[in-house]
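Understanding the architecture of this molecule
Letter by letter, the chains look like this.
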Amino acid sequence: MADIDTKIRTKTQGGVTDVLVLVSHPMETGQRPDPKDKDKKVPAHFIQKLNFSLNGKEIASTDLGPAVSKDPLIGIKLKGVKPGDKIKVTWSDNQGQSGSGEATAS
Amino acid sequence: MKKILLILATLGVAAGTMPAAVADPASDLKQFQAFFKKKFPTVPFDAYANGLYVLPGMDEYREQWDLINEFPPYELGLSLGQKMWEKPFKNGKTFASCFKNGGKNIAQGYPYWDEATQKVRTAEMDLNDCLKKNGEPEFTNLDKDQGARVRLAQLTAYFYSLSKGQRIKIDLSSPGAVKAYEEGKKFWWQRRGQLNFACSNCHMDLAGKNFGGNQPLSAALGHTTAWPAQRLEWGRLETIHQRYKTCNSQVRAKPFKHGDPIYNHLQLYETYMSSGLPLTAPAMRN
């Protein structure tokens, strides 16, 4: 979905590159009662897969679940990233939505 | 007997006129800022714009705050605010058309006294008025409707971010403005609630202390520079009036409504007291 924002940022320090991803996602567990109708539950809606790739090659893959907080911030550390390398993150959730973000290492 | 009455009367007159002689905003400001200079001699003036994190003894909070600022979560809300700001209305205009200089570098003068309506006006009010003028639905029911309030906060946050770094300069030249300022000042110093606290008790006398172990108290100087802010506890951008409301209920007083004139006046007083500090909104706060 286009209106879900995926922000990605990188920082290189001492040969190690920090990649941080912030996804604007509700991360509903499916256990929370609907504020309007107490008998119903808010349907589950959470990110299941979040993958990192470097220059098109997959380098890290994460399985997320309902235990992760709303608007999750996920980070990895990489070694040997050269300036100009493209780091891309893609995610998909249990309702079939997906998103991606891309950054260039500096 | 007559003599005593006469003495009492003269004393009364003298006592009655004394406070009037010292109560002018400029000297209040001097006293207010001198208070913090004396209380925290090591903190430079500009640092107060970053809230409680610059106060001595808050190193732990400062470390966390610095880490969060590497990728602050308010950016999500801020980019939603930016989208709202840039999206044209049905008549083709945008929010920028309602403000001087396209909304850039003007937030340092907010809230301001409006001679025409004889009221203090906040950025939130002006943004809502802009919607009304252009025939768009306003943000209403801000007390109950969290979604509308947060959207307004995101929009206001973007408006303030356009003036980031500008130094606060409030115009109190008209008598109406001074009157509103006096009301805000009264609110600031007045004790309220079951706990019987005035704003000044926590944010001046106890500033820099940790209340009950996990409630670090900020210094009043620089209070308004960061708002609309995102609190860790809330996880979303919120307006300053929402913060005032929660502050009031934290001392177990009945909060006023969002947008109540008394909060506008309080905001005017607080902002004036932070005159000269750079705007840092939006920011993270505890």
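Okay, so let's go over this structure. (Residues numbered from 1 in each chain as written. Chains lettered and ligands numbered in written order. Predicted model: local features only at pLDDT ≥ 70, side-chain atom pairs only at ≥ 80, totals over all residues.)

**Concerning the sheet that holds strand E2 (residues 16-23) of chain A**
All names here are of chain A. The sheet built from three strands is open, its strands ordered E1-E2-E5 with antiparallel pairing. Only two strands of the sheet have a single partner each, and these edge strands are strand E1 (6-13) and strand E5 (73-79). Direction aside, neighbouring strands of the sheet carry axes that sit 15° apart on average. Strand direction decides the pairing type here: E1 and E2, joined by eight bridges, are antiparallel. For Thr12, the partnering residue across the bridge sits in E2 and is Thr17. (Pairing = 2+ DSSP bridges. Helix = DSSP H or I, 4+ residues; strand = E, 2+ residues; numbered from the N terminus. Axes fitted to C-alpha atoms, helices over the stretch in contact; angles between N-to-C directions.)

**A look at the environment of B:Met204**
Residue and element names in this part refer to chain B. Position of Met204 relative to the elements: it lies in helix H8 (residues 199-205). Expressed as a C-alpha distance, the spacing of Met204 and Asn286, which sit 82 residues apart in the sequence, is 18 Å. Setting aside anything within four residues of it in sequence, one finds Met204 in contact with Phe35 and Ala220. (Contact = placed C-beta atoms within 7 Å.)

**A closer look at the interface of chain A and chain B**
Facing nine residues of chain A, the contacting portion of chain B comprises six residues. For the side of chain A that touches chain B, the secondary structure elements donating two or more residues are E1 and E2 of chain A. Its residues placed into classes, the side of chain A that touches chain B shows three nonpolar, one polar and five charged. (Nonpolar A, V, L, I, M, F, W, Y, C, P; charged D, E, K, R; others polar.)

**Re unusual backbone geometry**
Residue and element names in this part refer to chain B. Backbone torsion omega between Tyr110 and Pro111 reads -10°, so that peptide bond is classified as cis. Turning to its location among the elements, Pro111 is positioned in the loop between helix H4 (74-86) and strand E1 (112-114). Across the junction of Ala281 and Pro282, the peptide omega takes the value -10°, indicating a cis bond. Tracing the backbone through its elements, the reader meets Pro282 in the loop between helix H10 (261-273) and strand E7 (284-285).

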